[in-house]
Amino acid sequence: MSDPNAVLDDLRAEGEELDRLVGALEPDGWKTVTAAPGWTIAHQIAHLAWTDGAALLAVTDADAFAAEVEKAVASPGTFVDEGAEAGARLEPGELLGRWRHGRARLAEALVAAPAGARFPWYGPPMSTASMATGRLMETWAHGQDVWDALGRTREPTDRLRHVARIGVRARDFAFAVRGMAAPDEEFRVELTGPSGLWTYGPPDAAQRVTGPALDFCLLVTQRIHRSDTAVRAEGPDADRWLDIAQAFAGPAGPGRAPKGA
């Protein structure tokens with residue numbers, strides 16, 4: 001993905017859609033509990049604001065970002081929750097303003113980044129397009145928690161293709177983060193998106209994954225249990241991947257319990 005313009009436009013649209021939802025909430029609405037243990041809607045938006053700030057540092061001040069990575073290494077099990085908790089204590093209007101301001105500054109920095117730039121991150125270094133894709137993935141995933149908490153359903157869009165792509169590309173990382181050897185062979189992934197079929201990998205691959213793009217994106221962002229999706233695997237390695245798939249950097253998450261559990 002050499003041209004970041006498309007994903008930058010989609011990142012803005014993803015943020016604006018979630019902004020319209022939370023911007024209409026009364027103050028008590030920000031206290032609504034979400035599926036993430038201990039997190040309210042305020043925590044979800046605070047986390048996005050916090051990670052946007054980290055991304056801005058990575059793009060504009062690598063040394064300052066390195067200091068943030070050191071904090072993460074010092075408290076790997078708590079630093080994410082601590083960042084969300086600090087932001088969630090703010091008044092909703094202040095938190096919303098902080099998230100909006102951070103989104104705008106990050107967008108400006110990514111647009112201004114020189115061609116071929118690479119930025120440090122908690123996982124592998126990121127290009128401009130990769131950084132924007134990662135931010136879109138997180139905005140979509142944490143936004144899903146907000147939509148679910150409010151009992152609302154959002155219409156899937158073709159912006160999901162960015163989430164799906166990062167989920168496919170993160171296959172080997174999902175194995176590695178669990179101390180497992182990644183399969184040597186490529187998989188074929190065929191997903192039905194809003195605009196049609198999205199395909200990844202060689203068409204004649206023995207290991208295959210098929211299903212709705214929305215379900216795949218929910219699975220790789222760990223917003224749904226595999227048993228509650230229509231995503232299917234052919235082959236033992238593909239089957240194993242669907243049990244551990246994740247599209248985000250960092251340690252393996254616990255995932256979500258099956259519905260009704």
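Residues numbered from 1 in each chain as written. Predicted model: local features only at pLDDT ≥ 70, side-chain atom pairs only at ≥ 80, totals over all residues. Heavy atoms only, no water.

Quick look at the sheet that holds strand β5 (residues 208-212)
Step number 1: One open sheet holds the 4 strands; their spatial order is β4-β3-β5-β6, and the pairing between them is mixed. Each of the sheet's edge strands pairs with one partner strand only, and the pair in question is β4 (196-200) and β6 (232-234). Ignoring strand direction, the axes of neighbouring strands in this sheet form an average angle of 15°.
Step number 2: Strand direction decides the pairing type here: β5 and β6, joined by 3 bridges, are antiparallel. Counterpart to Val-209 in the pairing with β6 is Ala-233.
Step number 3: Here helix α7 (residues 160-169) sits on the sheet and contacts β3 (188-193) and β4; the angle it forms with β4, its principal contact strand, is near 25°.
Step number 4: Contacts from helix α9 (residues 213-220) reach β3, β4 and β5 within the one sheet, and its direction differs from that of β5 by about 110°. (Pairing = 2+ DSSP bridges. Helix = DSSP H or I, 4+ residues; strand = E, 2+ residues; numbered from the N terminus. Axes fitted to C-alpha atoms, helices over the stretch in contact; angles between N-to-C directions. Contact = heavy atoms within 4.5 Å.)

Focus on the pairing of β5
Step number 1: Note that β3 and β5 share 5 bridges and pair parallel. Paired with Arg-188 across the strands is Arg-208, a residue of β5.

Examining the packing of helix α6 (residues 128-149) against α7
Step number 1: α7 packs onto α6 with a crossing angle of 110° between their chain directions and a minimal axis gap of 9 Å. Viewed along their axes, α6 and α7 adopt a mutual orientation that is roughly perpendicular. Of α7, the residues touching α6 (which contributes Thr-133, Gly-134, Leu-136, Met-137 and Trp-140) are Leu-160, His-162, Val-163 and Ile-166.
Step number 2: For the contact of α6 with α7, the class distribution of residues is 6 nonpolar, 3 polar and no charged. (Parallel < 35°, antiparallel > 145°, perpendicular 65-115°, else oblique. Nonpolar A, V, L, I, M, F, W, Y, C, P; charged D, E, K, R; others polar.)

As for the packing of aromatic side chains
What describes a pair of aromatic rings is the distance from one ring centre to the other and the angle between the planes of the rings.
Step number 1: A complete count under the given rule lists 7 aromatic pairs for this structure.
Step number 2: Arranged with centres 5.9 Å apart and planes meeting at 40°, the rings of Phe-79 and Tyr-122 form a pair that is tilted. Note that Phe-79 is positioned in helix α4 (residues 79-88) and Tyr-122 in the loop between β1 (118-119) and β2 (126-127), a separation of 43 residues in sequence.
Step number 3: Phe-79 sits in the buried class, given a relative accessible area of 18%.
Step number 4: Each residue in the set Trp-50, Phe-65, Phe-79, Trp-121 and Tyr-122 is aromatic and connected to the rest through ring pairs, giving one cluster.
Step number 5: If you follow Arg-103 out to its NZ or CZ, it ends over the ring of Trp-99, 4.2 Å from the centre.
Step number 6: When the ring centre of Phe-187 is taken as reference, the NZ or CZ atom of Arg-171 above it lies at 4.3 Å. (Phe/Tyr/Trp six-rings, centres within 6.5 Å; stacked < 30°, edge-to-face > 60°. Buried < 20%, exposed > 50% of the residue type's maximum accessible area, 1.4 Å probe, protein only. Lys NZ or Arg CZ within 6 Å of the ring centre and 35° of its normal.)

Focus on helix α10 (residues 236-244)
Step number 1: Among all positions in α10, only Asp-237, Ala-238, Trp-241, Leu-242 and Ile-244 are buried.
Step number 2: Looking at the buried positions of α10, the neighbouring elements they touch are α7, α8 (171-176), β3, β5, α9 and β6.

Quick notes on the nonpolar core
Step number 1: Counting 51 residues, the largest nonpolar core has Leu-110, Trp-121, Met-131, Val-209, Phe-216 and Trp-241 as the members making the most contacts within it.
Step number 2: No other element matches α6, which puts 7 residues into this core.
Step number 3: Those residues in contact with Leu-110, other than ones at most four positions away along the chain, are Leu-8, Val-59, Phe-119, Thr-128, Met-131 and Ala-132. (Core = buried A, V, L, I, M, F, W, Y, C linked by side-chain atoms within 4.5 Å.)

Here's the deal with the pattern of salt bridges
Step number 1: Taken as a whole and assessed by the stated rule, the structure comprises 22 salt bridges.
Step number 2: Between Arg-208 and Glu-190 there is a salt bridge, and its shortest N-O distance comes to 2.9 Å. One end of the pair, Arg-208, is in strand β5; the other, Glu-190, is in strand β3, with 18 residues separating them in the sequence.
Step number 3: Overall, the relative accessible area of 17% leaves Arg-208 in the buried class.
Step number 4: Note that Arg-226 and Asp-243 form a salt bridge whose closest N and O atoms lie 2.9 Å from each other. Residue Arg-226 is located in the loop between α9 and β6, and its partner Asp-243 is located in helix α10; the two are separated by 17 residues in the primary sequence.
Step number 5: Residues joined by salt bridges that share partners form a network here, namely Glu-14, Glu-17, Arg-154 and Arg-159. (Salt bridge = Lys/Arg side-chain N within 4 Å of Asp/Glu carboxyl O.)

Examining helix α5 (residues 92-112)
In an α-helix there are 3.6 residues to a turn, and that puts residues three or four apart on one side.
Step number 1: Given a rise of 1.5 Å per residue, 21 residues ought to cover 30 Å, and the 30 Å separating the end C-alpha atoms of α5 matches this to within 8%.
Step number 2: Those residues of α5 that sit buried are Pro-92, Leu-95, Leu-96, Trp-99, Gly-102, Arg-103, Leu-106, Ala-107, Ala-109 and Leu-110. All buried residues of α5 project into a common sector of 165° when viewed along the axis, lining one side. The exposed set on the far side of α5, more than 90 degrees from its buried face, consists of Gly-93, His-101, Glu-108, Val-111 and Ala-112.
Step number 3: Where α5 is buried, its residues meet α1 (5-23), α2 (41-60), α4, β1 and α6. (Expected span 1.5 Å × (residues − 1). Arc of directions from axis to C-beta.)

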